[in-house]
Amino acid sequence: MITKRIIPCLDIKDGQTVKGVHFENLAKAGDPVSLAEKYYNDGADELVFLDITATNDKRKTILDVVEAVASKVFIPLTVGGGIRSIEDIHNLLLAGADKVSLNTAAVVNPQLIYEGAKTFGSQCITIAVDVKKIENTYFVVTNAGTKKTDYTVTEWVKKITDLGAGEILLTSMDTDGTKAGYDLEVTQLVSDMTNLPVIASGGAGANVKHFTDVFQKGHADAALAASIFHFNELPIPELKSQLKQAGVNIR
């Protein structure tokens, strides 16, 4: 049986880790290299770095951070934000990322998914699927949740699967930063319709039940969280211990 993964997420702005609610009201949460090293030592299975400024003038900053983290941390590292080309993917992989996360650029240019998978392998291409529930249907949104697309989540997941994506990072913008628990409805919907691994994101609080629910009811392969780890509200060793007690097959 495949084990479930626990993945801390570090949102990076100007070289610092930040955290907000619905991607707004950002507060500094610490040095990303130090946090990454702590999570590695605590038993995190992977790390996700998101360059939330995602502008060209910040690209050097994130490359420096990736290089620094990759020299100290020996678990898979996924990096996203502002990736628009094969060259951007190549540069991040050269800096030490194991996978890249494509979001807005993939919607604007789905061919980038195909080209990235063909050039570097599907295992390097994670598609960040941000969703909002609008009139009882989950739609894909871009630009940090501010722009609705015409894709329903099921249409988009089928398309990215066909194009060669290797993994889905699914974020419910309705629950992001709320600490009220993951969106189990959309997580189960996506997990049950695709054979790609699904990382659930958006809404984790300092409550182990949020994680047991997203694995057992949402059928997610991995659970991503940020502030509960950054501010030590639910340390990874404690979370993993309690998940094992609850019967979740955890690493």
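On a predicted model such as this, the values are computed, not experimentally measured, just so you know.

Peer 1: What exactly am I supposed to notice about the pattern of salt bridges here?
Peer 2: The full count for this structure, using the stated rule, is 11 salt bridges. The partner of R5 in a salt bridge is E46, and the shortest N-O contact between them spans 2.8 Å. Here R5, found in strand β1 (residues 5–13), pairs with E46, found in the loop between α1 (32–42) and β4 (47–51); they are 41 residues apart in sequence, far enough to count as distant. One exposure class covers both R5 and E46, and it is buried. One salt-bridge network, in which partners are shared between bridges, spans R5, E46, K99 and E167.

Peer 1: Can you help me understand the environment of T119 in this one?
Peer 2: Along the chain, T119 turns up in helix α5 (residues 111–120). The sequence separation of T119 and D221 amounts to 102 residues, and the corresponding C-alpha distance is 25 Å. At a separation of 2.7 Å, a polar atom in the side chain of T119 contacts the main-chain carbonyl oxygen of E115.

Peer 1: For this particular structure, what's the right way to read the nonpolar core?
Peer 2: A general tendency of soluble globular proteins is for nonpolar side chains to be buried together. Ranked by size, the top nonpolar core spans 71 residues in total, and within it L47, F49, I127, V129 and F211 carry the most contacts. Counting residues in each nonpolar core, the second largest holds 10 residues, with I7, C9, V48 and A226 among its members.

Peer 1: Sorry, what's going on with the packing of helix α8 (residues 208–216) against helix α10 (residues 236–245) here?
Peer 2: The relative placement of two packed helices is expressed as an angle between their axes plus a distance between the axes. The contact between α8 and α10 brings their axes to 10 Å, and the two run at 55°. Judged by the angle between their axes, α8 and α10 are oblique. As α8 packs across α10, the resulting crossing turns out to be right-handed. Counted together, V208, F211, T212 and F215 of α8 and L239, Q242 and L243 of α10 form the full contact between these two elements. Looking at the contact of α8 with α10, its residues break down into five nonpolar, two polar and no charged.

Procedures and definitions
Residues numbered from 1 in each chain as written. Predicted model: local features only at pLDDT ≥ 70, side-chain atom pairs only at ≥ 80, totals over all residues. Heavy atoms only, no water. Salt bridge = Lys/Arg side-chain N within 4 Å of Asp/Glu carboxyl O. Helix = DSSP H or I, 4+ residues; strand = E, 2+ residues; numbered from the N terminus. Buried < 20%, exposed > 50% of the residue type's maximum accessible area, 1.4 Å probe, protein only. Polar contact = N/O pair within 3.5 Å; in protein donor to acceptor, adjacent residues only side chain to side chain. Core = buried A, V, L, I, M, F, W, Y, C linked by side-chain atoms within 4.5 Å. Axes fitted to C-alpha atoms, helices over the stretch in contact; angles between N-to-C directions. Parallel < 35°, antiparallel > 145°, perpendicular 65-115°, else oblique. Left-handed = near helix turned anticlockwise from the far one by under 90°. Contact = heavy atoms within 4.5 Å. Nonpolar A, V, L, I, M, F, W, Y, C, P; charged D, E, K, R; others polar.

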